[in-house]
Amino acid sequence: MRIEEIIKSTVAMSDAKKAILNLMYTQNIIGEKFSELLKPYDLSGEQYNVLRILRGQKGVPANMCVIQERMIAKSSNTTRLIDKLLLKELVTREVCPDNRRKMEIMITQKGLDLLATLDPKVDAHENSLGARLSAEELIQFNELLEKFRKDKP
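A brief structural summary.

Here we come to the environment of tyrosine 41. On the secondary structure map, tyrosine 41 appears in the loop between α2 (15-38) and α3 (45-56). Distance from tyrosine 41 to threonine 117, taken between C-alpha atoms, is 9.9 Å for residues 76 residues apart in sequence. Not counting the four nearest positions on each side in its chain, tyrosine 41 is found in contact with Leu114, Thr117, Leu118 and Lys121.

Pasting the structure below:
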């Protein structure tokens, strides 16, 4: 369905505006489906992202700055996310022995086990969405999105 029909617009739009609206609308649909996938595990997309970042540290503690710079949604309140993950016993937080103002965050075994459970479900979700495009279209789509994000044309 065309974006004009979805948003019930009767006003002519530029192709640039349509592209932005399509991107935003599609992101919302993908985000909602991903949230549904995570809901039974009492996990938000942002919390899942933090767990994936910490797993990627391969046992090396991460500080808040490392987590924040690797977040997909840069505006997320990282401290709040870590607090919620602590309550669920999915991460640990300790004072850095070398710098008492710095906190070191690590994923727990419970967090790793949760990700191991979620991995095939997330893969299936991503593959289901990706299957709508050919391999060549996926490459082109990624290149176009990366081009869209460049600071300068």
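Before going further, it helps to examine the nonpolar core. Judged by nonpolar contacts, the single largest core of 23 residues is most densely connected at Leu43, Tyr48, Val50, Leu51, Leu54, Ile67 and Leu118. Looking at which element gives the most residues to this core, the answer is α3, with 5 residues. Excluding its chain neighbours within four sequence positions, the residues that come into contact with leucine 118 are Leu37, Leu38, Tyr41, Leu43 and Tyr48.

This part takes up α2. Taking 1.5 Å per residue, 24 residues should reach 34 Å; α2 reaches 34 Å between its end C-alpha atoms and fits that length. Of all the positions in α2, only Phe34, Leu37 and Leu38 are classed as buried.

In this section: the layout of surface pockets. Approximately 1900 Å³ is the volume attributed to the largest pocket. Lining the largest pocket are 39 residues, with Thr26, Gln27, Ile30, Gly31 and Leu145 sitting closest to its centre. Of all the secondary structure elements, the ones that give two or more residues to the lining of the largest pocket are α2, α3, α6 (109-130) and α7 (135-149). Looking at the lining of the largest pocket element by element, the count peaks at 13 residues for α2.

Mapped onto the elements of the fold, histidine 125 is located in helix α6. We classify histidine 125 as buried; its relative accessible area is 14%. In contact with histidine 125, other than residues within four places in its own chain, are Ile30, Lys33, Phe34 and Leu37.

You can see glutamate 137 is positioned in helix α7. The exposure class assigned to glutamate 137 is partly exposed, which follows from its relative accessible area of 39%. Put simply, glutamate 137 and methionine 64 are 73 residues apart on the chain and 37 Å apart in space, counted from C-alpha to C-alpha. Polar side-chain contacts of glutamate 137 include one of 2.7 Å to the backbone nitrogen of serine 134.

Parameters and conventions
Residues numbered from 1 in each chain as written. Predicted model: local features only at pLDDT ≥ 70, side-chain atom pairs only at ≥ 80, totals over all residues. Heavy atoms only, no water. Helix = DSSP H or I, 4+ residues; strand = E, 2+ residues; numbered from the N terminus. Contact = heavy atoms within 4.5 Å. Core = buried A, V, L, I, M, F, W, Y, C linked by side-chain atoms within 4.5 Å. Buried < 20%, exposed > 50% of the residue type's maximum accessible area, 1.4 Å probe, protein only. Expected span 1.5 Å × (residues − 1). 1 Å grid on protein atoms, 1.4 Å probe; cavity = no way out; pocket = protein on both sides within 12 Å on 5 of 7 lines; lining within 4 Å. Points joined across faces, edges and corners; volume = space filled by probe spheres on them. Polar contact = N/O pair within 3.5 Å; in protein donor to acceptor, adjacent residues only side chain to side chain.

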